[in-house]
Structure formats: structure tokens, C-alpha cells
Amino acid sequence: MSSTAVTKHPNDFRSDGFLSSIQLTDLGDDRFTARHQVIPSGRAYGGETVAQAIAATMRSVEPDRRIHSFHGYFLRAADVNAESSYAVQRLRDGRNFSARAVQGEQVGKTTFTGLASFQSQPAHGVAHADPMPAGLPDPESLPTSEDRVAGAQVRDGNYWSRQRNFDMRHVHDPVYTTHATQREPRQVVWVKAFQPLPEDPLVHQLALAYVCDYTLLEPVLRHHDAAWSDPGVVTASLDHAMWWHHPGRADEWIALVQDSPEAGHGLAMTRASLYAQDGTLLATTVQQGLLSLGQSG
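Quick look at the structure, then. Here the structure is a predicted model, which is why all the values come from computation and not from measurement. (Residues numbered from 1 in each chain as written. Predicted model: local features only at pLDDT ≥ 70, side-chain atom pairs only at ≥ 80, totals over all residues. Heavy atoms only, no water.)

Concerning unusual backbone geometry
One non-glycine residue with positive phi stands out, namely valine 107, at about 40°. Within the element layout of this structure, valine 107 appears in the loop between strand 5 (97-106) and strand 6 (109-119). A positive phi angle, close to 75°, is found at asparagine 165, a residue other than glycine. (Helix = DSSP H or I, 4+ residues; strand = E, 2+ residues; numbered from the N terminus.)

Right under this line is the structure:
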């Protein structure tokens with residue numbers, strides 16, 4: 001590996017950055033502040049922003065209420081070197097559900113807005129779920145991100161390989177620096193935290209929200225014969241919706257089963273189903289993002 005790619009960083013193969021990012025400072029009156037992890041782009045990672053906004057709403061409901069859905073919009077890029085504030089509005093507290101609005105700001109400008117819904121004790125009712133794809137390889141048998149990026153001299157090489165807080169293993173060749181051999185708008189990525197996380201189930205719900213944004217646009221890059229490091233590639237998350245179905249642990253392997261049903265007019269829609277290794281469907285997420293391939297597109 002090149003000397004650039006082996007530069008050490010305090011968060012190498014650690015999940016401390018994620019844990020620190022969801023530790024909000026309570027200012028009172030349902031207002032909170034949070035700090036961002038510094039990453040090469042200089043823009044706050046979208047999954048981190050979503051997790052922080054959700055963490056703020058969680059602080060405003062009773063302990064017996066668990067988040068089941070969230071819908072958010074990214075309005076401006078947040079600067080990783082500046083603190084973000086989150087203001088929560090209590091829209092409704094009913095017998096079984098609570099609704100919250102949250103707004104993220106930096107230096108007086110709105111960066112993010114979202115709506116969260118919480119449910120009290122889950123009700124009994126009908127139940128079904130799409131099964132996890134059969135025949136997925138054991139994640140421990142797959143190359144790590146560090147293996148995949150070895151030798152690549154690109155700006156994000158260290159970040160992709162060791163500083164993302166989660167161990168990420170693509171079932172098929174990833175599109176960090178090389179193009180996919182199979183140009184299909186779908187992929188599977190196994191993920192888990194680099195280290196054990198606290199027992200608090202809310203931390204694991206936040207971790208699922210946090211990790212989703214890393215690879216959601218990759219099915220589009222894969223289908224259109226592009227890679228993250230290609231000159232002219234520009235991406236940005238525009239909105240993000242997520243539904244939590246069952247509790248699960250983010251420090252155990254989770255399969256992100258991702259696809260893109262449509263892209264056009266400079267926008268791309270992507271989806272992911274998150275499965276525990278035993279096949280339990282933990283969560284579902286949908287996103288629309290900006291994507292330009294520059295001259296290669």
C-alpha cells in the first residue's frame with residue numbers, strides 16, 4: 001500500500017467517531033448541539049446528520065416510545081469544522097404515537113429538516129417480510145475495504161479503507177476506484193461496527209440510520225459504469241426516509257441489500273433493506289440523490 005494510504009488516524013478501525021457524533025449537548029427547550037467528524041470532503045457525512053437529527057428527537061419523547069419512521073431533507077451541506085444545532089418541535093403526543101419535527105442549523109442557516117414518528121408498545125397484528133436474498137457469502141470470507149482500496153492513491157483512500165466507523169464488505173467488487181464488472185443497479189454490502197457498541201437499543205437504531213448513507217448511491221454508479229474516484233463525479237443526498245421494523249445490533253453483521261429502480265434528470269432513487277445475519281428484516285430506507293458523472297456521463 002502507498003505511503004499515503006497508511007497514514008495513521010485516531011479513528012482507524014474504530015467506531016468512536018460515530019459514538020461521539022450522537023452525544024448531543026442539551027441546551028434546554030428541546031435544543032441540542034453536536035459536532036461532526038472531519039472527513040476529506042469537508043462536508044458533514046449525510047448519515048451522521050440524519051443520526052444526529054434523530055438523536056435530538058429521541059431526547060424529546062418518553063422512554064417507552066421507539067422511533068418507527070423518519071423523513072428528512074438535506075437543504076445545505078454542513079461544514080465538518082463547525083458545530084450544528086438541532087431544534088425539536090413537539091407536534092403531537094397521542095395514546096400510541098408521538099410526532100416530532102427537527103431542524104438542523106449552522107451559523108444561522110438551515111441545513112436539514114425532518115419529521116419523526118414514535119410508537120409506544122408495538123401492537124399485535126398481521127406480519128410478513130421479504131426474505132433476505134439466499135446464498136449470500138459469509139461476510140468474514142470477504143475482503144475488507146482496506147483490502148479493496150490497497151494501493152489506491154486517491155483523496156478518500158484512508159477514509160474508505162479504515163475511518164468509516166464500520167467494517168464494510170461488498171459482496172461484489174466495490175466501485176471505490178474501479179468500475180463494476182456487472183453493470184446492474186443493485187448490490188449487497190455487509191456492515192458492522194468496528195467495536196462493540198453500548199447495549200442501549202437506541203444507539204443501535206441510530207447506527208442503522210448512520211450507516212445507510214455510505215453506499216446508497218453505489219447501485220447507480222455501478223449501473224452507469226462509474227466509480228467514486230472518477231473525475232467529474234458529483235453526488236449529494238437530497239432526502240432520506242427510513243422505517244425501523246425490528247430491533248437489531250449494529251455491532252453484528254447486517255446485510256444492506258440495495259438497488260436503484262430509477263434515475264433521470266440528474267436525480268437517482270435508491271433503496272435498501274437491512275437484514276440481520278439470521279434473515280430478520282431490521283429496517284428499510286429510501287433516498288433520492290443528486291448524481292452527475294461529468295464528462296463520462
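Thoughts on the sheet that holds strand 1 (residues 25-28)
What the 12 strands build is an open sheet, ordered 1-2-4-5-6-3-9-12-11-10-8-7; its pairing is antiparallel. On the outer flanks of this sheet lie strand 1 and strand 7 (166-170), each paired with one strand and no other. The mean inter-strand angle of the sheet, taken between neighbouring strand axes irrespective of direction, is 25°. Along the sheet, helix 2 (residues 46-58) contacts strand 2 (31-34), strand 3 (66-74), strand 4 (84-93), strand 5, strand 6 and strand 9 (234-244); its crossing angle with strand 3, the most-contacted strand, is approximately 130°. On top of the sheet, helix 5 (residues 201-212) reaches strand 3, strand 7, strand 8 (186-193), strand 9, strand 10 (254-264), strand 11 (267-276) and strand 12 (281-292); it is set at about 145° to strand 9, its chief contact. (Pairing = 2+ DSSP bridges. Axes fitted to C-alpha atoms, helices over the stretch in contact; angles between N-to-C directions. Contact = heavy atoms within 4.5 Å.)

Notes on the packing of helix 2 against helix 5
Viewed as axis vectors pointing N to C, helix 2 and helix 5 meet at an angle of 150°, and their least axial separation amounts to 8 Å. By the angle between their axes, helix 2 is roughly antiparallel relative to helix 5. Classified by chirality, the crossing of helix 5 by helix 2 is right-handed. Contacts from Gly47, Glu48, Val50, Ala51, Ile54, Ala55 and Met58 in helix 2 reach Leu202, Gln205, Leu206, Ala209 and Tyr210 in helix 5. Taken together, the residues of the contact of helix 2 with helix 5 sort by class into 9 nonpolar, 2 polar and 1 charged. (Parallel < 35°, antiparallel > 145°, perpendicular 65-115°, else oblique. Left-handed = near helix turned anticlockwise from the far one by under 90°. Nonpolar A, V, L, I, M, F, W, Y, C, P; charged D, E, K, R; others polar.)

What about the packing of aromatic side chains?
Both the distance between ring centres and the angle between the ring planes are used here to describe each pair of aromatic rings. Under the counting rule described, the total for this entry stands at 9 aromatic pairs. When the ring of tyrosine 45 is compared with that of tyrosine 214, the centres are 4.2 Å apart and the planes differ by 10°; the resulting orientation is stacked. Placement of the pair is tyrosine 45 in the loop between strand 2 and helix 2 and tyrosine 214 in the loop between helix 5 and helix 6 (218-223), with a sequence separation of 169 residues. Of the two residues examined, tyrosine 45 and tyrosine 214, each falls in the buried class. Ring centres of phenylalanine 74 and phenylalanine 112 lie 5.1 Å apart, and the angle between their planes is 65°; on these two criteria the pair is classed as edge-to-face. Of this pair, phenylalanine 74 sits in strand 3 while phenylalanine 112 sits in strand 6, and the two are 38 residues apart along the sequence. For phenylalanine 74, a relative accessible area of 15% corresponds to the buried category. (Phe/Tyr/Trp six-rings, centres within 6.5 Å; stacked < 30°, edge-to-face > 60°. Buried < 20%, exposed > 50% of the residue type's maximum accessible area, 1.4 Å probe, protein only.)

What about the pattern of salt bridges?
For the coordinates displayed, the defined rule picks out 11 salt bridges. The salt bridge partner of glutamate 83 is arginine 35, with a shortest N-O separation of 3.8 Å. Linking glutamate 83 in the loop between strand 3 and strand 4 with arginine 35 in the loop between strand 2 and helix 2, this pair joins segments that are 48 residues apart in sequence. On the basis of relative accessible area, glutamate 83 is assigned to the partly exposed category, the value being 39%. We note a salt bridge from arginine 100 to aspartate 93, for which the minimum N-O separation is 3.0 Å. For arginine 100, a relative accessible area of 1% puts it in the buried group. (Salt bridge = Lys/Arg side-chain N within 4 Å of Asp/Glu carboxyl O.)

Brief notes about the nonpolar core
Among the nonpolar cores identified, the biggest contains 70 residues, and Phe18, Ile54, Phe70, Phe166 and Leu274 are the most heavily contacted of them. Per-element tally for this core: the top contributor is helix 5, with 8 residues. When neighbours within four sequence positions are excluded, phenylalanine 166 is seen to be in contact with Phe18, Lys192, Ala193, Phe194, Ala207, Tyr210, Val211, Tyr214 and Ala250. Formed by 10 residues, the second largest nonpolar core is a distinct cluster that contains Met132, Val171, Ala255 and Val257. (Core = buried A, V, L, I, M, F, W, Y, C linked by side-chain atoms within 4.5 Å.)

None of this, on its own, says anything about what the molecule does.
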